[in-house]
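# Summary of structural features
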Amino acid sequence: ATHSWTILSGDPETTIVLGPSDPSSSSGATFVFTSSQAGSSFESRMDGGTWQPATSPDSVSGLSDGTHTYGVRAIGPTGNVDSTPAKHTWTIDTASPNTMIISAPPNPSGLSSATFDFKSTESGSTFERRIDGSAWVQVSSLDILAGLVDGIHTYEIRAIDSAGNV
């Protein structure tokens, strides 16, 4: 007769291989995770809550704006629990930034050029502008236009925050 067995000493190590970007403009997230020990089961928790059974991939939804932490731990085939659960912390930002034009040419203007200065309510925002309904073009603060022809012109500016909210 023959008997073979596997010895698994020590705790399994849990690794999160995919999670949301930081920051994120989504109120939900999907996590993919693995264990160093084949045959492990998993438990997860949000923001320090109660551990619940989980499988990979695991999705969470309905999260509010702010900072969140997802934790996941493996339970090895012998019952050993990962003593250092994997964690992923990120910020959810679903609010669009407000954009303000600080300075613009007078109306009417006798110049064929115009300078616009603007800002966003969220630091780190990038900006896009369009003139007279044309395509959106990325610009930096203090936008100088030249070669404008006589007539009415419309200048639009929008901010895009680091989470991608426009």
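Phe31, Phe33, Val60, Tyr70, Val72 and Trp90 are the most contacted members of the largest nonpolar core, which has 13 residues in total. The set of elements that each furnish at least two residues to this core consists of strand 2 (29–35), strand 6 (66–75) and strand 7 (86–92). Setting aside its immediate chain neighbours within four residues, Phe33 contacts Thr15, Ile16, Val17, Phe42, Ala54, Thr55, Ser56, Asp58, Tyr70 and Val72. Of all hydrophobic cores here, the second largest spans ten residues; its members include Phe118, Ile131, Tyr155 and Ile157.

Our focus in this paragraph is the sheet that holds strand 2. Here three strands make up an open sheet; going across it, the order is 1-2-5 and the pairing antiparallel. Two strands in the sheet have a free side with no partner beyond their single neighbour: strand 1 (14–18) and strand 5 (58–60). Each neighbouring strand pair of the sheet contributes to a mean axis angle of 35 degrees, computed without reference to strand direction. Looking at chain direction, strand 1 and strand 2 are connected through four bridges and run antiparallel. Counted as the bridge partner of Thr14 is Ser35 from strand 2.

Before going further, it helps to spend a moment on the packing of aromatic side chains. In this structure the tally under the stated criterion is five aromatic pairs. Aromatic side chains Phe33 and Phe42 sit 4.9 Å apart centroid to centroid with 65 degrees between the ring planes, which places their arrangement in the edge-to-face category. The pair Phe33 / Phe42 is uniform in exposure class, with both members buried. Ring geometry for Phe116 against Tyr155: centres 3.6 Å apart, planes inclined by 0 degrees, an arrangement best described as stacked. Here Tyr155 lies in strand 13 (residues 155–160) and Phe116 lies in strand 9 (residues 114–120), a separation of 39 residues in the sequence.

About the criteria used
Going along each chain's sequence as written, the residues are numbered from 1 onward. In view of the model being predicted, local features appear only for residues whose pLDDT reaches at least 70, and side-chain atom pairs are presented and counted only at 80 or more, with totals across whole chains, interfaces and linings using the full set of residues. Note that water and hydrogens are dropped before the side-chain values are worked out from all heavy atoms of the structure. Joining through side-chain atoms within 4.5 Å is the link that ties buried Ala, Val, Leu, Ile, Met, Phe, Trp, Tyr and Cys residues into a set, and such a set is a nonpolar core. The buried label goes to any residue with under 20% of its type's maximum accessible area, the exposed label to any with over 50%, and the partly exposed label to all in between, with areas taken from a 1.4 Å probe on protein chains only. Elements are defined by DSSP. Helices are runs of H or I of four residues or more, strands are runs of E of two residues or more, and each kind is numbered from the N terminus. We call two residues contacting when some pair of their heavy atoms lies within 4.5 Å. Two strands qualify as a pair provided that DSSP identifies no fewer than 2 bridges between them. Convention adopted: a line fitted to C-alpha atoms gives each axis, helices being fitted over their contacting stretch, and angles between N-to-C directions are expressed from 0 to 180 degrees. Pairing of aromatic rings covers Phe, Tyr and the six-membered ring of Trp, with a centre-to-centre limit of 6.5 Å; geometry is then stacked below 30 degrees between planes, edge-to-face above 60, and tilted otherwise.

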